[in-house]
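Structural description and commentary
Now for the letters of each chain:
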Amino acid sequence: SEVHLLALSHVNGQTSGIGPVTPLAEKVKERNPAAIVHIDGSQAFGKIPVELKATHIDSYAVSSHKISGPKGVSGLYLRRDLKLTPLMWGGGQEEGIRPSTLAPALISGFHEAARQSFAQMESAHAEKLAQKKMVLQGLRQVSPKFQFPFVGDELASPYILTFVAPEVPSDVVMRCLEEKGVIISSTSACSSKIKGFNPTLAALGIEERLHKHVLRISLSKQTTHSEIEEFLKIFSALWQELAPLSR
């Protein structure tokens, strides 16, 4: 087989969809046992169950800040017999994989954040699912023109909600919300520098004319119901001001 590397996101940061990474890894290994299967688990770790030992996944990357841990530290699971060629050389203290000295304080903070996240995973999942539905219902009341292209997928993370607001460009909405102390985004951080046509959104089936109208709301462990109520109140008032200006 010509497949040598498969790289997938466990949870899509734009759609919130949970990918079938385990069966896909198995299919790839059936075609080429030497192929490497790498999974970006940054949106999944600590939020949905993750099993690696009994799978064909070779490597799995996670990030501390996605579970409210300190910024600037991440983790990489490697299958025990997987050998990597370093991108940087010098210093053998990290088993020859990378040079430099690790940051114990950041690692300790990441460990504690992970411990809390896994201990609270089930209850947090139920709470975020209820909050996501609350945001969805509230936004539908703000405008019947809002589109929710990724809603309806039961295999989805409750921490992300993406919608399309056709009447006003997303950068205008975000700027106005920021002035009121509310921060949302238009895409994932990976696509934040893309202007105009967005190949990721196009691949997800969103028309090009709507790319500049996409908004993305992220929930965290700290998000409360009262904060969501305040957000919906602010957003509703803002939309009554902005929508008429676009006509």
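Just above sits the structure.
Residues numbered from 1 in each chain as written. Predicted model: local features only at pLDDT ≥ 70, side-chain atom pairs only at ≥ 80, totals over all residues. Heavy atoms only, no water.

This paragraph deals with the overall build of the protein chain. Secondary structure assignment for the protein chain yields 6 helices and 6 strands. Going residue by residue from the N terminus, the α and β elements of the protein chain occur as β-α-β-β-β-α-α-β-α-α-β-α. Dimensions of the protein chain along its principal axes, counting C-alpha atoms only, are 60 × 45 × 35 Å. Here the protein chain holds 247 residues, and the buried ones make up 42% of them. Long-range contacts, defined here as pairs at least 24 residues apart, represent 65% of the contacts in the protein chain between residues at least 6 apart. With the model as given, the accessible surface of the protein chain reaches about 14500 Å², and the carbon-plus-sulfur share is 55%. Within the protein chain, the 24 negative side-chain charges are centred at a point lying 2 Å from the centre of the 27 positive side-chain charges. (Helix = DSSP H or I, 4+ residues; strand = E, 2+ residues; numbered from the N terminus. Buried < 20%, exposed > 50% of the residue type's maximum accessible area, 1.4 Å probe, protein only. Contact = heavy atoms within 4.5 Å. Areas by Shrake-Rupley, 256 points an atom, 1.4 Å probe, with all protein chains shown as cover. Lys, Arg positive; Asp, Glu negative; His and termini not counted. Charge placed at Lys NZ, Arg CZ, Asp CG, Glu CD.)

We now examine the sheet that holds strand E2 (residues 36-40). What the 4 strands build is an open sheet, ordered E1-E2-E3-E4; its pairing is mixed. The sheet terminates laterally at strand E1 (5-9) and strand E4 (74-78), the two strands that pair on one side only. Averaged over all pairs of adjacent strands, the angle between strand axes in this sheet comes to 15°, irrespective of strand direction. Along the sheet face, helix H1 (residues 21-31) touches E1 and E2 and points at about 175° away from the line of E1. (Pairing = 2+ DSSP bridges. Axes fitted to C-alpha atoms, helices over the stretch in contact; angles between N-to-C directions.)

So yeah, pure geometry; function would need other evidence.
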